[in-house]
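Here's the letter readout for the chains.
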Amino acid sequence: MTTRTNSPQATTDGAVVDPDQLRRATLASSVGSALEYYDFYIYGLASALIFGPLFFAPLGESGAVIASFATYGVGFAARPFGGVVFGHIGDRFGRKMVLILTIGLMGLSSCAIGLLPTFDQAGMLGAVLLVTLRILQGLGAGAEQAGATTLISEVAPRRRRGFFASLPFVGIQLGTLLGAGTFALMALADKQLLQGWLWRVPFLASIILIIIAIFIRLRLKETPVFQELEKHKAVVKNPVGQIWKHSKKNVLVGIGLRMGENGNSSIYSALLVSFISMPAGVFPGDKFIGPTGLLIAAGFAAVLVVAFGALSDRYGRVPVYRYGALFQAVIALPAFYLVTLGNVALVWAVMVVGIALGVQSMLGPQCALLPELFGSQHRFTGVALSRELSAVLAGGFAPMIGVALLAATNHSWLVPALYSLVLAAISFVTTFFTPETNGRDLVVVEDAR
């Protein structure tokens, strides 16, 4: 294994950027992000609105929703394992290989969910298979976003890295638009038709995105940073060991930063939808308002994630992130109180403000910040661990925990409000321990300090 002082000398500034590679990397990452978040939203919405009675009917209405959200959380629990495995492959054998493997595993698992038998058709076998496929989906997703952020950051020009690194995350909003839009349309259908076969269509349709993503990714070249590592024989055999030895602090920083962003993404996109549509909610049984609100919010978020990424190029990653986390914390209590007033327009406004302003003001600078925190020899693994451990702690079980707390507190709006506030506060505090990374040379093997 090479020493950490044997750093290949190269630069990632605009003078050596390959425009064709940058364009392909942006497109490849965007399509992958679209698939991941299409899967994310259709599974989250299906958990909130459909999966309970289909797969967990014997548990009763509240129990079925909790069990449904538990399967949602299981996918997140699997993601760190996928991050470690595929992160290791990405740091040992290259970024491109991992991006092809993860998109295939994630997408095919999602597609297979659309073929599952329900409880009425096969008893608990359907639930067991659902959990199994959700785990496989989580393993693939565990390195997908880490790969996308690492790939685009290592290809983009240094001075505009925040802007370019956030562009693939427009794919997140595209995936949200596709997922939420599909469910908004499906909610207009007859309930019997929806629970009969129509719910399967969004999952089966993911095969289209899989084919497109694999075709684009097969045409990618390896990133200049990884090529430099190979050229100088600086690729390490044990990136996980490197992380444990040199990067524990930055992994913890990455986790803390993600708590407010990822946690609130799940709260506003899944828990809030369940909160308003549960029997004790302001719109009991409604399956249209939540998905439509997400659809509107995603349209704004697609623009704002890039805007906040560009702002981080100008003003620094940490300041933009800090004020975004503070904003998310400040709006938490008034936002969820407004939801209880029973006004559809207010619910949609809360979703837009929470997702498009609150979440994106953190996600925008985060796209470049996480890869910049880690040295080139173990960057993929470091980003994957930071993203996926936080996904388990913040996002994965937020809906399940939230629904359980709602049941225990007579459906109090303070539950999602305080949950949102605490997670945002964690990210706000973390920014004071985060090094400024704007403009960092990504070929350097040492972590940011």
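Residues numbered from 1 in each chain as written. Predicted model: local features only at pLDDT ≥ 70, side-chain atom pairs only at ≥ 80, totals over all residues. Heavy atoms only, no water.

Peer 1: Looking at this structure, I do not really get the overall build of the protein chain. What am I missing?
Peer 2: Looking only at helices and strands, the protein chain has 20 helices and 0 strands in total. For 449 residues, the compact-globule formula gives about 22 Å, and the C-alpha radius of gyration of the protein chain, at 21 Å, lands near that figure. For the protein chain, the spread of C-alpha atoms along the principal axes amounts to about 60 × 45 × 35 Å. In the protein chain, buried positions account for 61% of the 449 residues. Of the contacts made within the protein chain by residues no fewer than 6 positions apart, 88% connect residues no fewer than 24 positions apart. On the protein chain, roughly 15,700 Å² of surface is accessible, and the fraction owed to carbon and sulfur atoms is 71%. Computed over 32 positive and 23 negative side-chain charges, the inter-centroid distance for the protein chain is 5 Å. (Helix = DSSP H or I, 4+ residues; strand = E, 2+ residues; numbered from the N terminus. Rg over C-alpha atoms; globule rule 2.2 N^0.38 Å. Buried < 20%, exposed > 50% of the residue type's maximum accessible area, 1.4 Å probe, protein only. Contact = heavy atoms within 4.5 Å. Areas by Shrake-Rupley, 256 points an atom, 1.4 Å probe, with all protein chains shown as cover. Lys, Arg positive; Asp, Glu negative; His and termini not counted. Charge placed at Lys NZ, Arg CZ, Asp CG, Glu CD.)

Peer 1: What am I meant to see in the packing of helix H8 (residues 170-186) against helix H15 (residues 289-315) here?
Peer 2: Helix packing geometry: the angle between the two helix axes and the distance between the axes. Two numbers describe how H8 lies on H15: the axes approach to 8 Å, and their chain directions differ by 170 degrees. On the basis of their axis angle, the class for H8 and H15 is roughly antiparallel. Where H8 crosses over H15, the handedness of that crossing is left-handed. Residue-level inspection shows Val170, Gln173, Thr176, Leu177, Ala180, Gly181, Phe183 and Ala184 of H8 in contact with H15, the latter providing Pro291, Thr292, Leu294, Leu295, Ala298, Gly299, Ala301, Ala302, Val305 and Val306. The class makeup of the residues in the contact of H8 with H15 is 13 nonpolar, 5 polar and no charged. (Axes fitted to C-alpha atoms, helices over the stretch in contact; angles between N-to-C directions. Parallel < 35°, antiparallel > 145°, perpendicular 65-115°, else oblique. Left-handed = near helix turned anticlockwise from the far one by under 90°. Nonpolar A, V, L, I, M, F, W, Y, C, P; charged D, E, K, R; others polar.)

Peer 1: Explain the nonpolar core to me, please; I cannot follow it from the model alone.
Peer 2: What tends to happen in soluble globular proteins is that the nonpolar side chains get buried as a cluster. By size, the foremost hydrophobic cluster in this structure holds 115 residues, and its most contacted members are Phe51, Phe55, Ile113, Trp199, Tyr268 and Leu272. Take this core: its biggest share by element is 15 residues, from helix H1 (residues 19-49). In this structure tyrosine 268 touches Leu294, Gln328, Ile331, Ala335, Phe336, Val350, Met351, Gly354, Ile355 and Ser420, once residues within four positions along its chain are discounted. If you look at the next biggest cluster of nonpolar residues, it comprises 5 residues, including Phe226, Leu229, Val235 and Val445. (Core = buried A, V, L, I, M, F, W, Y, C linked by side-chain atoms within 4.5 Å.)

Peer 1: Teacher, can you tell me more about the environment of alanine 302 here?
Peer 2: Mapped onto the secondary structure, alanine 302 falls in helix H15. Residues alanine 302 and glycine 171, spaced 131 residues apart in sequence, show a C-alpha to C-alpha distance of 7.9 Å. Aside from chain neighbours lying at most four places away, what touches alanine 302 is Val170 and Gln173.

Peer 1: What's the story with helix H3 (residues 60-93) in this structure? I'm lost.
Peer 2: Along an α-helix, residues three or four apart share an orientation, since each turn contains 3.6 residues. If you check H3, its first and last C-alpha atoms are 49 Å apart, about what 34 residues at 1.5 Å a residue would give, namely 50 Å. When the local axis directions of H3 are compared, the greatest deviation, roughly 25 degrees, occurs at arginine 79, which is followed within four positions by the proline proline 80. (Expected span 1.5 Å × (residues − 1). Bend = angle between axes of the 7 residues up to and from the residue.)

Peer 1: How do you make sense of the layout of surface pockets when you look at a structure like this?
Peer 2: In this approach a probe as big as a water molecule rolls over the atoms, and the regions it shows empty are the leftover space. Looking at the largest pocket, its volume works out to about 300 Å³. Around the largest pocket, the lining is made up of 19 residues, and of these Ala48, Leu49, Glu61, Val65 and Lys287 lie nearest the centre. Every element with two or more residues in the lining of the largest pocket is listed here: H1, helix H2 (51-55), H3, helix H9 (191-198) and helix H14 (248-277). Looking at the lining of the largest pocket residue by residue, the class counts come to 9 nonpolar, 7 polar and 3 charged. (1 Å grid on protein atoms, 1.4 Å probe; cavity = no way out; pocket = protein on both sides within 12 Å on 5 of 7 lines; lining within 4 Å. Points joined across faces, edges and corners; volume = space filled by probe spheres on them.)

Peer 1: What is the right way to look at the pattern of salt bridges in this model?
Peer 2: Any two side chains of opposite charge can pair, so long as their charged atoms come close to each other. Counted according to the given criterion, the structure contains 10 salt bridges. With a shortest N-O distance of 3.7 Å, arginine 158 and aspartate 441 are connected by a salt bridge. In this pair, arginine 158 sits in the loop between helix H6 (125-155) and helix H7 (161-166) while aspartate 441 sits in the segment after helix H20 (414-430), placing the two residues 283 residues apart along the sequence. Here the salt bridges share partners, and the residues they tie into one network are Asp91, Arg95, Glu154 and Arg379. (Salt bridge = Lys/Arg side-chain N within 4 Å of Asp/Glu carboxyl O.)

Peer 1: Looking at this structure, how should I read H14?
Peer 2: Here H14 spans 41 Å end to end across 30 residues, near enough to the 44 Å set by a 1.5 Å rise per residue. The sharpest bend along H14 comes to roughly 40 degrees, located at arginine 258. Of all 30 residues in H14, 27 are buried; the element is thus mostly enclosed.

Peer 1: Is there a simple way to explain the packing of aromatic side chains in this structure?
Peer 2: Geometrically, a pair of aromatic rings is defined through the distance of the ring centres and the angle of the planes. Using the criterion set out here, one finds 9 aromatic pairs in the structure. Considering the side-chain rings of tyrosine 337 and tryptophan 413, the 5.6 Å spacing of their centres and the 65 degrees angle between planes classify their relative orientation as edge-to-face. One end of the pair, tyrosine 337, is in helix H16 (residues 317-339); the other, tryptophan 413, is in the loop between helix H19 (398-408) and H20, with 76 residues separating them in the sequence. Residue class for tryptophan 413 comes out partly exposed when judged on its relative accessible area of 25%. By way of ring pairs, the aromatic residues Phe51, Phe55, Trp199 and Phe203 are connected into one cluster. The residue whose ring lies beneath arginine 92 is phenylalanine 93, and the NZ or CZ to ring-centre distance is 4.9 Å. Between arginine 322 and the ring centre of phenylalanine 432, over which it is positioned, the NZ or CZ distance is 3.9 Å. (Phe/Tyr/Trp six-rings, centres within 6.5 Å; stacked < 30°, edge-to-face > 60°. Lys NZ or Arg CZ within 6 Å of the ring centre and 35° of its normal.)

Scope: geometric values only; no functional claims are made or implied.
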